[in-house]
Amino acid sequence: MSSPTDTRIAEIVNANDVVLFMKGTPLFPQCGFSSKAVAILEHLGVEYATVDVLQDMEIRQGIKAFSDWPTIPQLYVKGEFVGGSDIMMEMFQDGELQQMMTESGVTTA
Amino acid sequence: MAMPAAEIEGLIRAALPDAQVEITDLAGDGDHYAARVVSAAFVGLPRVKQHKLVYEALGGRMGGELHALQLTTAVPN
């Protein structure tokens, strides 16, 4: 059984090729980890959407259960959970994140 | 809320007995850590699953009591 919050989250991750659930906004991140995640996406030059979980308590709690992942930020590409900022950084350094974006046909900004 | 590094290390070792755990207190405040965990349990697992094993070892403290843990996982050479 999925909750209404799960349904909302599923709609968000399916409606956006690349979406980052974060604290704050790309211009004003409210946490160092979210800031790092934004910097990586900016560096990759892909189009991405963000959801500020600080503005939405349901999503803030719901996304942790939805992804089975305890922390924020969280990156989704083409509806698939990729990881948090540490995994993004490791994948970025190994060139895997660029490769994933290219292979999934993500639009560059 | 702070959590001593030894406690983090102990929890990880309890779940992953073979693990080599290196903890760095990034800010010196007992609240912002980096951990590098090397364990044979990670072999063949994607990164997300490797990190989940560590988060499970921390038993729900991650994201709550433990705010900032920069995590790196690896398999033994």
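Remember, predicted model here, so these are calculated numbers, not experimental data. (Residues numbered from 1 in each chain as written. Chains lettered and ligands numbered in written order. Predicted model: local features only at pLDDT ≥ 70, side-chain atom pairs only at ≥ 80, totals over all residues.)

A. The arrangement of the overall build of chain A in detail. When its secondary structure is counted, chain A shows 5 helices and 4 strands. What you see in chain A, going N to C, is helices and strands ordered as α-β-α-β-α-β-β-α-α. Taking 2.2 N^0.38 as the reference for a compact globule, 109 residues should give roughly 13 Å; the C-alpha atoms of chain A span a radius of gyration of 13 Å, in line with that estimate. When the backbone C-alpha atoms are referred to their principal axes, chain A occupies close to 35 × 25 × 20 Å. (Helix = DSSP H or I, 4+ residues; strand = E, 2+ residues; numbered from the N terminus. Rg over C-alpha atoms; globule rule 2.2 N^0.38 Å.)

B. Structural detail: the nonpolar core. All names here are of chain A. Grouped together as the largest cluster of nonpolar side chains are 27 residues, with contacts concentrated most on Leu-20 and Ala-37. If you tally residues by element for this core, the top one is strand E1 (residues 18-22), at 5 residues. Ignoring any residue separated from it by four or fewer positions in sequence, one finds Leu-20 in contact with Ala-37, Val-38, Leu-41, Tyr-48, Thr-50, Pro-73 and Leu-75. (Core = buried A, V, L, I, M, F, W, Y, C linked by C-beta atoms within 7 Å. Buried ≥ 20, exposed ≤ 12 C-beta atoms within 10 Å, placed from the backbone. Contact = placed C-beta atoms within 7 Å.)

C. Spatial organisation of the sheet that holds strand E1 (residues 20-25) of chain B. Residues and elements named next belong to chain B. Strand order in the open sheet made by the 3 strands is E1-E2-E3, with mixed pairing throughout. Pairing within the sheet leaves two strands with one partner each, and these edge strands are E1 and strand E3 (68-74). The mean angle between the axes of side-by-side strands here comes to 15°, regardless of whether they run parallel or antiparallel. Where strand E2 (residues 32-38) and E3 come together, 7 bridges link them in parallel fashion. Counted as the bridge partner of Arg-36 is Thr-72 from E3. (Pairing = 2+ DSSP bridges. Axes fitted to C-alpha atoms, helices over the stretch in contact; angles between N-to-C directions.)

D. The arrangement of the interface of chain B and chain A in detail. Counting residues at the interface gives 9 residues for chain B and 8 residues for chain A. Contributions of two or more residues to the side of chain B that touches chain A are made by helix H2 (47-57) and E3 of chain B. Here the side of chain B that touches chain A gets 4 residues from one element, more than from any other, and that element is H2 of chain B. Here the residues of the side of chain B that touches chain A sort into 4 nonpolar, 4 polar and 1 charged. (Nonpolar A, V, L, I, M, F, W, Y, C, P; charged D, E, K, R; others polar.)

E. Layout of the packing of helix H1 (residues 5-15) of chain B against H2 of chain B. Residues and elements named next belong to chain B. Two numbers describe how H1 lies on H2: the axes approach to 8 Å, and their chain directions differ by 115°. Here H2 runs roughly perpendicular to H1, going by the angle between their axes. The handedness of the crossing between H1 and H2 is right-handed. Between H1 and H2, the contacting residues are Leu-11, Ile-12, Ala-14 and Ala-15 on the first element and Val-54, Glu-56 and Ala-57 on the second. Residues that form the contact of H1 with H2 fall into these classes: 6 nonpolar, no polar and 1 charged. (Parallel < 35°, antiparallel > 145°, perpendicular 65-115°, else oblique. Left-handed = near helix turned anticlockwise from the far one by under 90°.)

F. Seen up close, the pairing of strand E4 (residues 80-83) of chain A. All names here are of chain A. Bridge count for strand E3 (residues 74-77) against E4 is 3 bridges, and the pairing is antiparallel. Following the sheet pairing, Tyr-76 is matched in E4 by Phe-81. Hairpin connection, E3 to E4: the antiparallel pair is bridged by 2 residues, and Lys-78 has positive phi, about 50°.

G. Broad picture of the pairing of E1 of chain B. In this sheet, E2 of chain B lies alongside E1 of chain B in antiparallel orientation, the contact comprising 6 bridges. Bridging from a neighbouring strand, Thr-24 of chain B pairs with Ala-34 of chain B of E2 of chain B.

H. Spatial organisation of the confidence of the model for chain B. Predicted confidence across chain B gives a mean pLDDT of 90, with 99% of residues reaching 70 or more. ipTM for the predicted complex: 0.75, alongside a pTM of 0.88. (pLDDT = per-residue confidence, 0-100.)

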